Amino acid sequence: MREVDVMGVRVEMPSNQPIVLLREVSGDRYLPIWIGAVEATAIAFAQQGVVPPRPLTHDLMKDVLAATGNELTQVQITDVKDGVFYATLVFDSGAEVSARPSDSIALALRTGTTIYCSEEVLDEAGLAVPAEQEDEVEKFREFLDHVSPEDFEAH
């Protein structure tokens, strides 16, 4: 398993499909995962520190974990089959729960939990970005600085 950071979310054109972009912490690979608009908003809210007036689903999950004394110790992106990604939530009790990566990432951001990705998934779906292409990544970071959760709402 390799640790990954959440770079952010964006809308891929022309499909208008949101993606979350993960980056290998000690490497040069990026992992784009297509996600739903609701999950994109949840991830963007968490990254921007937006606190909704009432808890969203991932806030509720975090609150339930805290109220029951369970701690999420890591999120693992474990597999990709036919373009569908799979993740596992790992708890301090040793329990593991299968989940979508988008939900797992949104929960990890709210709980400060480290996200890992299997080497096999990075080999299959990861994109290596050589140093000379880092300016493209910088443009993406600039985009992330200016995107808002409302950009993911259906029109």
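Residues numbered from 1 in each chain as written. Predicted model: local features only at pLDDT ≥ 70, side-chain atom pairs only at ≥ 80, totals over all residues. Heavy atoms only, no water.

(A) Inspection of the sheet that holds strand S8 (residues 127–128) at higher detail. Strand order in the open sheet formed by eight strands is S6-S5-S4-S7-S1-S2-S3-S8, and the pairing between neighbours is mixed. Among the strands making up the open sheet, the edge pair consists of strand S6 (96–99) and S8. (Pairing = 2+ DSSP bridges. Helix = DSSP H or I, 4+ residues; strand = E, 2+ residues; numbered from the N terminus.)

(B) Representation of the environment of arginine 100 in the model. You can see arginine 100 is positioned in the loop between S6 and helix H3 (101–111). Once the C-alpha coordinates of arginine 100 and leucine 89 are considered, the two residues, eleven residues apart in sequence, prove to be 9.4 Å apart. Those residues in contact with arginine 100, other than ones at most four positions away along the chain, are Glu39 and Ala87. Among the polar contacts listed, one links the side chain of arginine 100 to the side chain of aspartate 103, at a separation of 2.9 Å. (Contact = heavy atoms within 4.5 Å. Polar contact = N/O pair within 3.5 Å; in protein donor to acceptor, adjacent residues only side chain to side chain.)

(C) Examining the packing of helix H2 (residues 57–67) against H3 more closely. Packing of H2 against H3 leaves a shortest axis separation of 9 Å and a crossing angle of 60°. The orientation of H2 with respect to H3, classified from their angle, is oblique. Helix-helix and strand crossings are classified by hand; for H2 and H3 the assignment is right-handed. Two secondary-structure elements touch here, H2 through His58, Asp59, Met61, Lys62 and Leu65 and H3 through Asp103, Ala106, Leu107, Arg110 and Thr111. The residue makeup of the contact of H2 with H3, split by class, is four nonpolar, two polar and four charged. (Axes fitted to C-alpha atoms, helices over the stretch in contact; angles between N-to-C directions. Parallel < 35°, antiparallel > 145°, perpendicular 65-115°, else oblique. Left-handed = near helix turned anticlockwise from the far one by under 90°. Nonpolar A, V, L, I, M, F, W, Y, C, P; charged D, E, K, R; others polar.)

(D) Spatial organisation of the environment of arginine 2. Summarising the element assignment, arginine 2 is placed in strand S1 (residues 2–12). Note on arginine 2: relative accessible area 25%, which makes it partly exposed. Put simply, arginine 2 and tyrosine 116 are 114 residues apart on the chain and 5.2 Å apart in space, counted from C-alpha to C-alpha. Those residues in contact with arginine 2, other than ones at most four positions away along the chain, are Glu24, Ser26, Gly27, Arg29, Ile115, Tyr116, Cys117, Glu119 and Leu122. There is a polar contact of 2.8 Å between the side chain of arginine 2 and the backbone oxygen of serine 26. (Buried < 20%, exposed > 50% of the residue type's maximum accessible area, 1.4 Å probe, protein only.)

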